[in-house]
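Here is what each chain is made of, one letter per residue.
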Amino acid sequence: MSTRVEPVSEALLVERVVDLVLARADGPVGQRHSGTAVRLLVDGHPSTHPERLADALVAPFEAAGRPTARVRVSDFLRPRSLRLERGREDPDSLLDGWIDVGSMNREVLTRVVEQQEYLPSLRDPETDRATRAGYVRAAPGTVVLLDGALAIGRGLAVDISVHLALKRATLRRRTPPDEAWVLPAYERYTQEIESAPDLVVRVDHPDHPALVHA
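A quick note: this is a predicted structure, and the numbers were derived from the prediction, not measured. (Residues numbered from 1 in each chain as written. Predicted model: local features only at pLDDT ≥ 70, side-chain atom pairs only at ≥ 80, totals over all residues. Heavy atoms only, no water.)

(A) Spotlight on the overall build of the protein. A tally of helices and strands in the protein yields 9 helices and 9 strands. Relative to the 2.2 N^0.38 estimate, which gives 17 Å for 214 residues, the radius of gyration of the protein is 17 Å and therefore close to what a compact globule would have. The C-alpha extent of the protein, read off along each of the three principal axes, is 45 × 45 × 25 Å. Taken across its 214 residues, the protein has 46% of its residues classed as buried. (Helix = DSSP H or I, 4+ residues; strand = E, 2+ residues; numbered from the N terminus. Rg over C-alpha atoms; globule rule 2.2 N^0.38 Å. Buried < 20%, exposed > 50% of the residue type's maximum accessible area, 1.4 Å probe, protein only.)

(B) Geometry of the sheet that holds strand S6 (residues 143-148). Read across the sheet, 7 strands follow the order S1-S9-S8-S7-S2-S6-S3 without closing on themselves; strand pairing throughout is mixed. The open sheet has two edge strands, strand S1 (4-7) and strand S3 (68-72), and neither has a second partner. Geometrically, the sheet is characterised by an average inter-axis angle of 25° between neighbouring strands, direction not taken into account. With 5 bridges joining them, S3 and S6 adopt parallel strand pairing. Within S6, the residue paired with Val71 across the bridge is Leu146. (Pairing = 2+ DSSP bridges. Axes fitted to C-alpha atoms, helices over the stretch in contact; angles between N-to-C directions.)

(C) Structural view of the pairing of strand S7 (residues 160-165). Across the 6 residues that make up S7, a large majority, 6, are buried. Residues Ile160, Val162 and Leu164 point to one face of S7 and Ser161, His163 and Ala165 to the other, with burial holding for every one of them. Here 5 bridges tie strand S2 (residues 38-44) to S7, and the two strands are oriented parallel to one another. Bridge pairing in S7 places Leu40 opposite Ile160. By the bridge criterion, 4 bridges tie S7 to strand S8 (residues 199-202) in an arrangement that is parallel. Pairing of Leu164 across the sheet is with Val201, part of S8.

(D) Local environment of the pattern of salt bridges. Counted by the stated rule, this structure contains 19 salt bridges. Linking Glu107 and Arg111 is a salt bridge whose minimum nitrogen-to-oxygen distance equals 3.7 Å. Given the relative accessible area of 12%, Glu107 is considered buried. Given a relative accessible area of 15%, Arg111 falls into the buried group. Between Arg172 and Glu187 there is a salt bridge whose closest N-O contact spans 2.9 Å. A residue pair is termed long-range when its members are at least 10 positions apart, and Arg172 in helix H8 (residues 168-174) and Glu187 in helix H9 (residues 183-192) qualify at 15 residues. Arg172 sits in the partly exposed class, given a relative accessible area of 41%. Residues joined by salt bridges that share partners form a network here, namely Asp92, Asp96, Arg154, Arg188 and Glu192. (Salt bridge = Lys/Arg side-chain N within 4 Å of Asp/Glu carboxyl O.)

(E) Spatial organisation of unusual backbone geometry. If you check the backbone angles, Asp128 has positive phi at about 70° while not being a glycine. With respect to the helices, strands and loops of the structure, Asp128 is situated in the loop between strand S4 (117-118) and strand S5 (136-137). The backbone phi angle of Leu150 is positive, close to 55°, even though this residue is not glycine. With relative accessibility at 4%, the residue Leu150 sits in the buried group.

(F) Summary view of the packing of aromatic side chains. One pass over the structure, following the stated rule, counts 1 aromatic pair. Between Trp98 and Trp181, the aromatic rings sit 6.5 Å apart at their centres with planes inclined by 45°, giving tilted as the arrangement. Linking Trp98 in the loop between helix H5 (91-97) and helix H6 (101-109) with Trp181 in the loop between H8 and H9, this pair joins segments that are 83 residues apart in sequence. Neither Trp98 nor Trp181 differs from the other in exposure class; each is buried. Above the ring of Trp98, the side-chain terminus of Arg83 is found at 5.1 Å from the ring centroid. Here the basic side chain of Arg111 rests over the ring of Tyr135, its NZ or CZ set 4.0 Å away from the ring centre. (Phe/Tyr/Trp six-rings, centres within 6.5 Å; stacked < 30°, edge-to-face > 60°. Lys NZ or Arg CZ within 6 Å of the ring centre and 35° of its normal.)

Limitation: the analysis is restricted to geometry and does not speak to function.
Structure follows, in structure tokens:
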């Protein structure tokens, strides 16, 4: 299958993502009620800073009448004792076992749709302690803006996913030597999610993103 790459500005990228989410939320003929929450995942290697794109989407969505909920995958990791039970540098564990998918779905992604509330964080990734955050009410039509890494195809109940993609050489260049153990996880991940994201953005040149059209 041939692909077309469209260079875009950062502003146009934000606009395209907003348009994608709003179109999906309303449905082709308005079948989906505008009061329904929409769950968007922005995913990428830490060097691509998916959190920056997620943050940049807040104002445009709110300007379009869609309240937002900013949540981070890193605040819903499994306890350190479980994440590292196969060692501190196990790439398969990093890919398959670090995210607490059950808690994220139960406390955020499913809850926001079924109960119109969500938990903004569960566990501090640095201290490994519970954040003791309280539930936040979600207004009708809330867009959950979730950022993370290695998060597509892990079972998270999201509606739309955006992947910030890197070529293999770029990935290796941007990964510090003391973190080289993560590379097999990212390389396997890239193969596994090849057709999974709703939108793929190449960001080998940070200031010059490009949309990939199948």
